[in-house]
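Structural overview
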Amino acid sequence: MTSLSVPEHSTALPPHLLRPLRRAFWAIVLAVGGFCAWAIMAPLATTIHASGHLQATSPTYDLQHPIGGRIAEVLVQDQQVVTAGTVLVRLDVRVDTAQLRQTETQIENLNAENTHIARILEDPIGFEPRKGDWISARILAKLQSHKGQQAAAASRVAAFEGQVTGLDEQLAFNRSRETILQDRLKDQKKLAKRGAAPAREVGVIQDRLLTLQAQIVGQVSRRSAMEQDWAQAKLSMEQADRDFSTLLLDMYVANQTQLPELNKRAIDLRNRLEL
């Protein structure tokens, strides 16, 4: 009997097909590798905007000073573990410290100024700063100016008073002479009527009396004008006192108006420095 054999079926690709497939595979590998290298190394010229939500894998905390300011010193390191109460940063307080010192000085000066104003109002002319006592330059300048004005006004008042007094003495003397001449004129008229004295003596006495009376009228007129000047000088002196007192009161009120705001500012600065 004759037997027949069936040839085995082979799964291997023929070489003429395998070679192109290998070339294609390596070409793809090289292309993918080149693209990845380019994506890593080459800078991107565009930015892609997208919406999303980022969430940290561990808890985060917002750090914010209640007031804020310039940080002078950082007291912790990056990634350092801290606990409640740990001081993280120290703020620069030099500006706040300088402002507080300036504000406190303003408050002290205004209070001292008001104290001096109260003392000056009691006795403007007799006021003198105590030894070592601070007094603001503006009050001292106004006080010295007022004293100078009052000294000049007082000198004018005294001069007018002296002139009025001198005229009063002259008037008293001339009126006494007038009385004497009037009595002599009466007697001379009687003597002349009896022929015991010349008539011309009556005319001489009358002339002297008229001259004296004219002097008296002029003196009375001058005294009246001078008395008005005297009264005006006294009124000017009193008005200067009132104006000076009004000026000081205005300064006092202005200082009192500023003090609440300055005190509030000082309190705010102290609170900032204590935080």
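Residues numbered from 1 in each chain as written. Predicted model: local features only at pLDDT ≥ 70, side-chain atom pairs only at ≥ 80, totals over all residues. Heavy atoms only, no water.

**Focus on the pattern of salt bridges**
For the record, the criterion: What counts as a salt bridge is simple: a side-chain nitrogen of Lys or Arg found within 4 Å of a carboxyl oxygen of Asp or Glu. With a 1.4 Å probe rolled over the protein chains alone, any residue whose accessible area is under 20% of its type maximum counts as buried; one over 50% counts as exposed, and the rest are partly exposed. The helix count covers DSSP runs of H or I at least four residues long, the strand count covers runs of E at least two residues long, and both are numbered beginning at the N terminus.
On inspection of all chains with the given rule, the structure shows six salt bridges. Put simply, Glu-201 and Arg-200 hold a salt bridge, and the shortest N to O gap is 3.7 Å. With relative accessibility at 62%, the residue Arg-200 sits in the exposed group. Arg-223 is the partner of Glu-227 in a salt bridge, and the nearest nitrogen-oxygen pair spans 2.9 Å. Note that Glu-227 and Arg-223 are positioned in helix α4 (residues 200–274) at a spacing of four residues, about one turn of the helix. Residues joined in a network through salt bridges with shared partners are Asp-168, Arg-223 and Glu-227.

**Considering the packing of aromatic side chains**
Quick reminder of the rule: Classification of ring pairs uses Phe, Tyr and Trp, with its six-membered ring standing for Trp, and accepts pairs whose centres are within 6.5 Å; under 30 degrees between planes counts as stacked, over 60 as edge-to-face, and the remaining range as tilted. Both a distance and an angle decide whether a charge sits over a ring: NZ of Lys or CZ of Arg must be within 6 Å of the ring centre and within 35 degrees of the ring normal.
This model, assessed by the stated rule, comprises zero aromatic pairs. Above the ring of Trp-230, the side-chain terminus of Lys-234 is found at 4.4 Å from the ring centroid.

**Structural notes on the side chain of Gln-188**
Which entries qualify depends on this criterion: Residue contacts are defined here by distance: any two heavy atoms, one from each residue, within 4.5 Å place the two residues in contact.
If you trace the backbone, Gln-188 turns up in helix α3 (residues 137–194). The buried category is assigned to Gln-188, whose relative accessible area is 14%. Residues in contact with Gln-188, not counting those within four places in the same chain, are Ala-197, Pro-198, Glu-201, Val-202 and Ile-205.

**Details of a nonpolar patch on the surface**
What counts here: In this scheme, patches are assembled from residues that exceed 30% relative accessible area and form no salt bridge. Like charges are connected within 9 Å, while nonpolar side chains (Val, Leu, Ile, Met, Phe, Trp, Tyr) are connected within 5 Å. Accessible surface is estimated by sampling points in the Shrake-Rupley manner with a 1.4 Å probe; for residues, cover comes only from the protein chains shown.
On the surface, Phe-25, Trp-26 and Val-29 cluster together into a nonpolar patch covering about 330 Å² of accessible area. Note on placement: Phe-25 falls in helix α1 (residues 15–41).

**As for the nonpolar core**
Where we set the bar: Side-chain atoms within 4.5 Å are what join buried Ala, Val, Leu, Ile, Met, Phe, Trp, Tyr and Cys residues into a set we call a nonpolar core.
Counting nine residues, the largest nonpolar core consists of Ile-117, Ile-120, Phe-127, Ile-135, Ile-139, Leu-143, Phe-244, Leu-248 and Met-251. Only α2 (94–122), α3 and α4 provide two or more residues apiece to this core. At three residues, α4 tops the list of elements feeding residues into this core. In this structure Ile-120 touches Phe-127, Ile-139, Leu-143, Phe-244 and Leu-248, once residues within four positions along its chain are discounted. Within the second largest apolar cluster, eight residues are counted, among which are Leu-171, Val-202, Leu-209 and Ile-216.

**Remarks on α2**
Using the following cut-off: Expected span of a helix: the number of residues minus one, times 1.5 Å.
Over its 29 residues, α2 extends 43 Å from the first C-alpha to the last, a length consistent with the 42 Å expected when each residue adds 1.5 Å. Among all positions in α2, only Asp-96, Leu-100, Thr-103, Ile-107, Leu-110, Glu-113, Asn-114, His-116, Ile-117, Arg-119 and Ile-120 are buried. Contacts from the buried residues of α2 go to α3 and α4.

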